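# Summary of structural features
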Amino acid sequence: MNIIKAFFNRLSDSLLANPRGGFDPATEYTPISSLRLVSDKPVVLPPLDSSTVRRPIAHAISQPDAMDEAIRRSQSWFFSRQHSEGYWVAELEADTTLTSEYLMLRRFLDRVDPEREHKAVRYLKSTQLPDGGWPIYYGGPAEISASVKAYFALKLSGVSAEEPFMIRAKERILAMGGVLQANVFTKITLALFDQYDWEGVPHMPVEIMLLPKKFYFSIYAISYWSRAVLIPLLIVFAHRPVCQIPREQGIDELYPIPRVEVRYWKYPPFNKDQAWLTPHNFFVALDAMLKLYDRMPMRVLREKALHKAATWMLEHLKGSGGLGAIYPAMANSIMALECLGYDADDPLVIKALHEIEELEVYDSVMIDGELLPTLHLQPCFSPIWDTALLSNALVESGVPQDHPALQKAGRYLMSRQTKAVGDWIISSPDAEPGGWYFQFENELYPDVDDSAVVIMALSKLKIPAHEAEVDESIRRGMRWVLAMQGSDGGWGAYDKDNNRVVFNYIPFADHKALLDPSTADLAGRCLEMLGALGYDNTHPAAERALAFLRKEQEEDGSWYGRWGVNYIYGTWSVLAGLRAIGEDLSAPYIRRAVSWLESKQNADGGWGESCLSYKDAEHHGYGESTPSQTAWALMGLMSAGAIDSFSVARGVQFLIRHQKKDGSWEEIMHTGTGFPRVFYLRYHWYCQYFPLWALAMCRNLRSRGKMRADELRHPISGTDSYRSEH
């Protein structure tokens, strides 16, 4: 076996030998047609002179030459797609639930737009599975809540329940248990249209706004996204508005028994555990008590709590990106404004609705040989994330640090650094503003992941006449990230020590995503950030993070991926951080991770992992090969020193073989994670910049023995200790 392995390793050396001749990515671009941005308003750089076009190579080429060509074409594809302000952004696709909810929202607000509605209906029909249901990720099975929402949205839009595809949908929903098995947020939405009884919805009294900020069950003890979604919803709960609809548009047919016979305490989320004394049973009993209180609330307390909730919401609506800059919170804020008495033509309501309309994505679908327009919604925008990740990839691929496109990207990123104090100050009172958010604007909610990746990108760029400004931006960002490190040594995304797991037993939290605890992928990213700034594993923050990661490693050697699917993503994130911070790559726990990644490689040379891996342990690391997940696995292996392995050679070949002529890759799988088991994301450019990054990393490690990121470590003035020697 060792002889065979040695043979394959030597074979991979010859396949990936360093090609002769120079390579200048700064001058070798291929102008191509523009890509419609998610705003449907494309802005592209002017095409370069045709003399710079490198002609396709007609004869067979070696893998190193093919890798050079793949990198060049990918660079060209990206450079023609940069926005004039300096950012890159692509669509962030979710599932059908947002589009269904959008149709319901417009009906609730009496803002039905027939043109929009027709296109959204067409989209929902085109995404239905053959069995009649709707999934929450590509290739997944029908999911009850997504299916109920789609069915109801279609009926609200005038689609007859007698249509064959609607009959299939009804049968599939009933086979999954009917509307009674849907999740809490679906039931809340249905209650707003009198299609579900409020008694069957967990109670959340607005009076919780009056609890002290440091109280164990404070609104600040849950995650940013939960807080932004819940506070306007508390206002809605207190008013319980109902949008009356014609009986024929209702969904009584989705109940497995007549609605009047339903005893809601028998169904989720109120069905009790068999054991008598459990956290879930305790909170179910508490919910019953809160419902009794809600029938005769203390008027003074309720009015005070409503005022506090409204004040909080209005203060957080001041930005240009909507409440929390995520669709569910934005939609809830409009309904809350209506409950508070705001008119439909009030500037604040108009602004909030416009911010949601900006999330519309217009596409098309082929029906009976005719290309017809569709509309769906994305949850938010991702310009900071896309720009920072791509900047790192472009630098690694050899683009000069001071290239005009990278200078523009760097200036854009610096302009989006937060200066205001956000909700994070509650959990980290010693922190000062300096992080970055994910969207175009979300000043009060920077996150650790974006901040770390932006810092890594800025540390590799050169912006003439702005060197001091760049260093100060990095310094402020690093201080904020380090201040957000949790007591367990890890990092959450938006808050520190947001880990009170008891919240997951509350009936309202049936999605198990109320919290934002420390995760391995974020810890790995922060170590990579420290490494990019020249620090090593003796830095106090690194020492604590390393202890956290050793504790979090799975028995099989992998790490869980909270923000990407799944163990492949988590394992890459950690290994990249371990290499950057200077860990001993021969350490047994790192070799176990390498063995795990190699064992998950598919027969076609790629890697893939289904969203099902969050639910079923047997699917960890298994799935159809995708460009993004193949790139993560490659970067993980190479970060751990497995540069010469045959697995890497095969993975590189997979990426080269699947690149299209225009320099792009195609990927339809959801490889991003919003909430595990509940909400998944398809970043349309994950399959673009991660393969570029992986190929560039491979070329550099094989030709020079180090990554370009290693050569561009960027110590900043201030603390000189804990610096790496390499």
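Presented here is an overview of the structure given in this document. (Residues numbered from 1 in each chain as written. Predicted model: local features only at pLDDT ≥ 70, side-chain atom pairs only at ≥ 80, totals over all residues. Heavy atoms only, no water.)

Assigned secondary structure in the chain consists of 24 helices and 5 strands. Whereas a compact globule of 726 residues would reach a radius of gyration of roughly 27 Å, the chain reaches 26 Å, a difference of no more than 12%. Seen through its C-alpha atoms, the chain measures out along the principal axes to roughly 80 × 60 × 55 Å. In the chain, of all internal contacts separated by at least 6 residues, the share reaching a separation of at least 24 is 74%. When the accessible area of the chain is evaluated, it comes to approximately 28800 Å², of which 55% is carbon and sulfur surface. (Helix = DSSP H or I, 4+ residues; strand = E, 2+ residues; numbered from the N terminus. Rg over C-alpha atoms; globule rule 2.2 N^0.38 Å. Contact = heavy atoms within 4.5 Å. Areas by Shrake-Rupley, 256 points an atom, 1.4 Å probe, with all protein chains shown as cover.)

Two elements in contact, helix H3 (residues 97-108) and helix H11 (residues 327-339), have axes separated by 11 Å at closest approach and are oriented at 10°. For the element pair H3 / H11, the angle class is roughly parallel. Here H3 and H11 pass one another in a crossing that is left-handed. The residues of H11 that touch H3, namely those facing Leu98, Glu101, Tyr102, Leu105 and Phe108, are Tyr327, Ala331, Met335 and Glu338. For the contact of H3 with H11, the per-class residue count stands at 7 nonpolar, no polar and 2 charged. (Axes fitted to C-alpha atoms, helices over the stretch in contact; angles between N-to-C directions. Parallel < 35°, antiparallel > 145°, perpendicular 65-115°, else oblique. Left-handed = near helix turned anticlockwise from the far one by under 90°. Nonpolar A, V, L, I, M, F, W, Y, C, P; charged D, E, K, R; others polar.)

Looking now at the packing of H3 against helix H4 (residues 114-126). For the pair H3 and H4, the least separation of the axes is 10 Å and the interaxial angle reads 150°. With respect to their mutual orientation, H3 and H4 come out roughly antiparallel. Viewed along their axes, H3 and H4 form a crossing whose handedness is left-handed. Of the residues in H4, those touching H3 at Thr99, Ser100, Tyr102, Leu103 and Arg106 are Arg116, Glu117, Ala120, Tyr123 and Leu124. Across the contact of H3 with H4, the residue classes tally to 5 nonpolar, 2 polar and 3 charged.

Moving on to the nonpolar core. Counting residues in each nonpolar core, the largest one holds 228 residues, and the members touching the most others are Phe508, Leu578, Tyr689 and Phe690. Element by element, the count of residues in this core is highest for helix H23 (residues 686-704), at 12 residues. Setting aside residues no more than four positions away along its own chain, Phe508 makes contact with Val184, Phe185, Ile188, Pro202, Met204, Leu230, Leu233, Phe237 and Leu514. (Core = buried A, V, L, I, M, F, W, Y, C linked by side-chain atoms within 4.5 Å. Buried < 20%, exposed > 50% of the residue type's maximum accessible area, 1.4 Å probe, protein only.)

Strand order in this open sheet of 3 strands is E1-E5-E4, and the pairing throughout is antiparallel. Every interior strand has two partners, whereas the edge strands, strand E1 (92-93) and strand E4 (672-675), have only one. With 2 bridges connecting them, E1 and strand E5 (residues 679-683) associate as antiparallel partners. Across the sheet, the residue bridging to Leu92 is Tyr683, located in E5. (Pairing = 2+ DSSP bridges.)

This paragraph deals with the packing of aromatic side chains. The geometry of two aromatic rings is summed up by the distance between their centres and the angle between their planes. Applying the stated criterion across every chain, the model contains 43 aromatic pairs. Ring centres of Tyr196 and Tyr264 lie 5.2 Å apart, and the angle between their planes is 65°; on these two criteria the pair is classed as edge-to-face. Of this pair, Tyr196 sits in the loop between helix H7 (184-191) and helix H8 (224-239) while Tyr264 is found in the loop between H8 and helix H9 (279-295), placing the two residues 68 residues apart along the sequence. There is no split in this pair, since Tyr196 and Tyr264 are both buried. (Phe/Tyr/Trp six-rings, centres within 6.5 Å; stacked < 30°, edge-to-face > 60°.)

Here we come to the pairing of E4. Judged from the 3 bridges that link them, E4 and E5 form a sheet pairing that is antiparallel. Bridge pairing in E5 places Phe675 opposite Phe679. The antiparallel pairing of E4 with E5 creates a hairpin that spans 3 residues between the two strands, and Arg677 there sits at a positive phi of about 75°.

The subject of this paragraph is unusual backbone geometry. Leaving glycine out, the prevailing phi sign among residues is negative, and the prevailing peptide bond configuration is trans. Here the amide bond leading from Pro268 into Pro269 is cis, since omega sits at 5°, within 30 degrees of zero. Mapped onto the elements, Pro269 comes out in the loop between H8 and H9. Its identity is not glycine, yet Ala325 carries a phi of approximately 55°, on the positive side. Relative accessible area serves as the criterion here: at 5%, Ala325 is assigned to the buried category.

Once that is clear, we can look at the state of the cysteines. Under the definition given, this model contains 0 disulfides. Looking at the unpaired Cys380, the closest cysteine sulfur is the one in Cys611, lying at 17 Å. Distance from the sulfur of Cys526, which forms no disulfide, to the nearest cysteine sulfur (Cys380) is 20 Å. (Disulfide = S-S within 2.5 Å.)

The grouping of Phe215, Tyr216 and Phe217 at the surface amounts to a nonpolar patch, some 280 Å² of accessible area in total. Position of Tyr216 among the secondary structure elements: in the loop between H7 and H8. (Patch = residues over 30% accessible without salt bridge, like charges linked within 9 Å, V, L, I, M, F, W, Y side chains within 5 Å. Salt bridge = Lys/Arg side-chain N within 4 Å of Asp/Glu carboxyl O.)

What follows concerns the pattern of salt bridges. Applying the stated criterion across every chain, the model contains 29 salt bridges. Between Asp252 and Arg247 there is a salt bridge; the shortest N-O distance is 3.8 Å. The class for Asp252 is partly exposed, based on a relative accessible area of 36%. Among the residues examined, Arg247 registers a relative accessible area of 72% and is labelled exposed. Close ionic contact of Glu583 with Arg550 constitutes a salt bridge, the shortest N to O distance being 3.2 Å. Linking Glu583 in the loop between helix H19 (567-581) and helix H20 (588-599) with Arg550 in helix H18 (residues 540-552), this pair joins segments that are 33 residues apart in sequence. When its relative accessible area of 14% is taken as the criterion, Glu583 is described as buried.

With that settled, consider the pairing of strand E3 (residues 370-377). Where strand E2 (residues 360-367) and E3 come together, 8 bridges link them in antiparallel fashion. Looking at the pairing, Ser364 lines up with Pro373 of E3. Following E2, the chain reverses through 2 residues before pairing antiparallel with E3; Asp368 in that reversal takes a positive phi of roughly 55°.

Mapped onto the fold, Ser586 is located in the loop between H19 and H20. Placed 396 residues apart in sequence, Ser586 and Leu190 show a C-alpha to C-alpha distance of 56 Å. At 2.7 Å, the side chain of Ser586 and the side chain of Asp584 are in polar contact. (Polar contact = N/O pair within 3.5 Å; in protein donor to acceptor, adjacent residues only side chain to side chain.)

Time to look at helix H14 (residues 404-415). An ideal rise of 1.5 Å per residue puts 16 Å on 12 residues; H14 measures up with 17 Å between its terminal C-alpha atoms. Looking only at H14, the buried set comprises Ala405, Leu406, Gln407, Ala409, Gly410, Tyr412, Leu413 and Met414. The inward-facing, buried residues of H14 abut helix H2 (63-79), helix H13 (383-396), helix H15 (448-459) and helix H16 (467-483). (Expected span 1.5 Å × (residues − 1).)

Mapped onto the fold, Asp423 is located in the loop between H14 and H15. Judged by its relative accessible area of 8%, Asp423 is buried. Of the polar contacts made by the side chain of Asp423, one reaches the side chain of Arg227; its length is 2.9 Å. Other than its neighbours up to four places away in sequence, Asp423 contacts Tyr220, Arg227, Trp312, His316, Leu444, Tyr445 and Asp495.

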